[in-house]
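A closer look at the structure
Here's the letter readout for the chains.
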Amino acid sequence: MKKVNWSIGIPFSVILSVVGSLPILLHFSTDEVNLFARSISYNLIITLLCWFICHQVLESNRFNFSKERTLYFVFCTSITIILAFLLNFLFTAVVGVSIRPIMDPGGMRYTLLILFRGLMLGALISFVVNYLDVLKEKQRSALVIEQLKQKQLEANLSSLKEQMSPHFLFNSLNSLISVIKRDSPGAVNFVIRLAEVYRYLLQHREHQTVSLKEELDFIDAYIFLLKVRFKQNIRVTVNITEPYIQTRIPPLTLQLLLENAVKHNVVSKTQPLDIEIGIENQMIVVSNQIQPKVSLETSHGFGLGSMEEQYWLLAQKEILIKEDNKRFKVLLPILI
């Protein structure tokens, strides 16, 4: 059962008690100080009791008042009216004082006064308690929705990484086959570097982001694999300044862009491929000259599409793709 919100209930009850006793001040005199104090005491006691009861009724396991709001208001107001008469009886018959000594406690006007006070307090307090409960439910629902979104985000990112891993392995094995055919010693170094690459993949497969420095260190090993395969026909220049080196990036992002550049462009002695990694307009940019292959390799639908989805899931940011002066550019938002 939820705890009663006394941090709001007590100040609210005090203010309501004072306001409810203000009419006495219209005819206030030094002889009526006790009357004013008795009126505030009466209002404070009944308001605090009603605040507690309204909370308990709303959270009752026996009655589903949290859904039947109209029945809840009627029930709470009825209890408040009963409390008003009961408390008045205790003040007059037991304690021996009356909150309205100028009125006959047995008269109709006095009875209507008690009835009206109970009715107004019951309606007001039950409304306030109900309103606070609705706010809490909305906050609780919003928190649950946010938690579900976070779990969905993690599941989607995990799915994307599972997609990239087989794709990367497929292309790496193709590269290894090519190297083995023409350069067995080079194949040994290729396997060693490939092991380093997969060590990085295994270490960061559960991470949503890594530092740009970690990604660049990993890219060094991947560039070695490319150079073993393409010799001097591929050149990769990295120009990342110190302020950006500790920013974040989804793991394997730069590797995928290098892989796409090799996959879709001619890499030969007559047409070497230049790839640059740097900063442009406060974004990480990977660019290469456009020299498309006549016959493209089969695409499996990963690459840029997966990358765009990753950035949107992580930070609701979009990557930019440009073609400038016969160069293909991919600009990646910086993640802090």
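Here, the structure is the one placed above.
Described below are features of the structure shown in this document. (Residues numbered from 1 in each chain as written. Predicted model: local features only at pLDDT ≥ 70, side-chain atom pairs only at ≥ 80, totals over all residues. Heavy atoms only, no water.)

As for the side chain of T47
Applicable threshold: Every helix listed is a DSSP run of H or I at least four residues long, and every strand listed is a run of E at least two residues long, numbered separately from the N terminus. We call two residues in contact whenever any of their non-hydrogen atoms come within 4.5 Å of each other.
Here T47 shows up in helix α2 (residues 33-58). Ignoring any residue separated from it by four or fewer positions in sequence, one finds T47 in contact with S13, L16, S17, L121 and I125.

Notes on the nonpolar core
A general feature of soluble globular proteins is that nonpolar side chains tend to end up buried together. The cut-off we apply is this: What we call a nonpolar core is a set of buried Ala, Val, Leu, Ile, Met, Phe, Trp, Tyr and Cys residues that are connected through their side-chain atoms within 4.5 Å. Relative accessible area decides the class of each residue, using a 1.4 Å probe on protein chains only: under 20% of the type maximum gives buried, over 50% gives exposed, and in between gives partly exposed.
Counting residues in each nonpolar core, the largest one holds 48 residues, and the members touching the most others are I234, I249, L254, L258, I275, M307 and L332. In terms of residues, this core owes the most to one element, helix α6 (residues 212-230), which gives eleven residues. Excluding residues within four positions of it along the chain, L254 makes contact with L212, E215, L216, I219, I249, I277, I284, V286 and L332. V4, C54, C76 and L132 belong to the second-largest nonpolar core, a separate cluster that totals 22 residues.

Thoughts on the pairing of strand β7 (residues 327-333)
Heads up, the condition is: Paired strands are those between which DSSP finds at least two bridges.
Counting buried residues in β7 gives six out of seven residues, a clear majority hidden from the surface. Here five bridges tie strand β6 (residues 320-324) to β7, and the two strands are oriented antiparallel to one another. Within β7, the position partnered with L320 by the bridge is L331.

Observations regarding the sheet that holds strand β5 (residues 283-289)
Worth spelling out the cut-off: Whenever a helix is involved, its axis is fitted only over the stretch in contact; in every case the axis is a line through C-alpha atoms, and angles between N-to-C directions fall within 0 to 180 degrees.
Strands sit in the order β2-β4-β5-β7-β6 across an open sheet of five strands; the sheet is mixed. Here the strands that pair on one side only, and so sit at the sheet edges, are β2 (234-238) and β6. Direction aside, the axes of adjacent strands within the sheet are offset by 20° on average. Taken strand by strand, helix α7 (residues 253-264) contacts β2, β4 (273-280), β5 and β7, and its axis lies near 145° from that of β4. Sheet strands in contact with helix α8 (residues 304-315) are β6 and β7, and its direction is about 25° off that of β7.

Focus on the environment of S287
Topologically, S287 is positioned in strand β5. Overall, S287 belongs to the buried group, its relative accessible area being 5%. Separated by 43 residues in the primary sequence, S287 and V330 have C-alpha atoms spaced 6.4 Å apart. For S287, the contacting residues outside a window of four places in its chain are D274, I275, E276, R327, F328 and K329.

Some thoughts on the packing of α6 against α7
Our working rule: Roughly parallel here means an angle under 35 degrees, roughly antiparallel means over 145, roughly perpendicular means 65 to 115, and every remaining angle is called oblique. Left-handed describes a crossing whose near helix is turned anticlockwise from the far helix through less than a right angle; right-handed describes the clockwise counterpart.
Look at α6 against α7: their axes get within 8 Å of each other, and the N-to-C directions meet at 25°. One element, α6, and the other, α7, form an angle in the roughly parallel class. Crossing angle aside, the handedness with which α6 passes α7 is right-handed. Each of L212, E215, L216, F218, I219, Y222, I223, L226, R229 and F230 in α6 lies in contact with α7, whose residues at this interface are T253, L254, Q255, L258, E259 and V262.

Some points on the environment of A261
Tracing the backbone through its elements, the reader meets A261 in helix α7. Separated by 14 residues in the primary sequence, A261 and I275 have C-alpha atoms spaced 7.9 Å apart. Here A261 is in contact with L273, I275 and N288, once residues within four sequence places are set aside.

Brief notes about unusual backbone geometry
Even without glycine at this site, L252 takes up a positive phi of about 75°. Within the secondary structure layout, L252 lies in the loop between β3 (248-249) and α7. With a phi close to 55°, N281 is a non-glycine residue in the positive phi region.

Some remarks on the pattern of salt bridges
What counts, and what does not: We define a salt bridge as a side-chain nitrogen of Lys or Arg found within 4 Å of a carboxyl oxygen belonging to Asp or Glu.
A full pass over the atoms with the stated rule returns four salt bridges. We note a salt bridge from E280 to K329, for which the minimum N-O separation is 3.2 Å. Linking E280 in strand β4 with K329 in strand β7, this pair joins segments that are 49 residues apart in sequence.

Some remarks on the packing of aromatic side chains
Defined as follows: Pairs were defined over the aromatic rings of Phe, Tyr and Trp, the Trp ring being its six-membered one, requiring ring centres within 6.5 Å. Orientation was assigned from the angle between planes: stacked under 30 degrees, edge-to-face over 60, tilted for the rest. In this scheme, Lys NZ or Arg CZ marks a charge over a ring once it lies within 6 Å of the ring centre and within 35 degrees of the ring normal.
Inspection of the entire model under this criterion finds four aromatic pairs. Ring geometry for W6 against F52: centres 6.4 Å apart, planes inclined by 5°, an arrangement best described as stacked. Taken together, the residues W6 in helix α1 (residues 6-21) and F52 in helix α2 connect sequence positions 46 residues apart. For W6, a relative accessible area of 33% puts it in the partly exposed group. Centre to centre, the rings of F127 and Y131 are 6.5 Å apart; their planes meet at 15°, and the pair counts as stacked. Residue F127 and its partner Y131 are both found in helix α4 (residues 108-182); the two are separated by four residues, about one turn of the helix. Over the face of the ring belonging to F224 we find R193, whose NZ or CZ atom lies 4.7 Å from the ring centre.

Observations concerning α8
Cut-off, in case you're wondering: One less than the residue count of a helix, multiplied by 1.5 Å, gives the span that helix is expected to have.
The first and last C-alpha atoms of α8 sit 16 Å apart over twelve residues, in line with the 16 Å expected at 1.5 Å per residue. By the burial criterion, the buried members of α8 are L304, S306, M307, Q310, Y311 and L313. Q316 sits one or two positions beyond α8 and adopts a positive phi of about 50°.

Considering α6
Between its first and last C-alpha, α6 extends 26 Å over 19 residues, near the 27 Å set by a 1.5 Å rise per residue. Burial in α6 covers these residues: L212, E215, L216, F218, I219, A221, Y222, I223, L225, L226, V228 and F230. Following α6 by one or two positions, K231 adopts a phi angle in the positive range, close to 60°.

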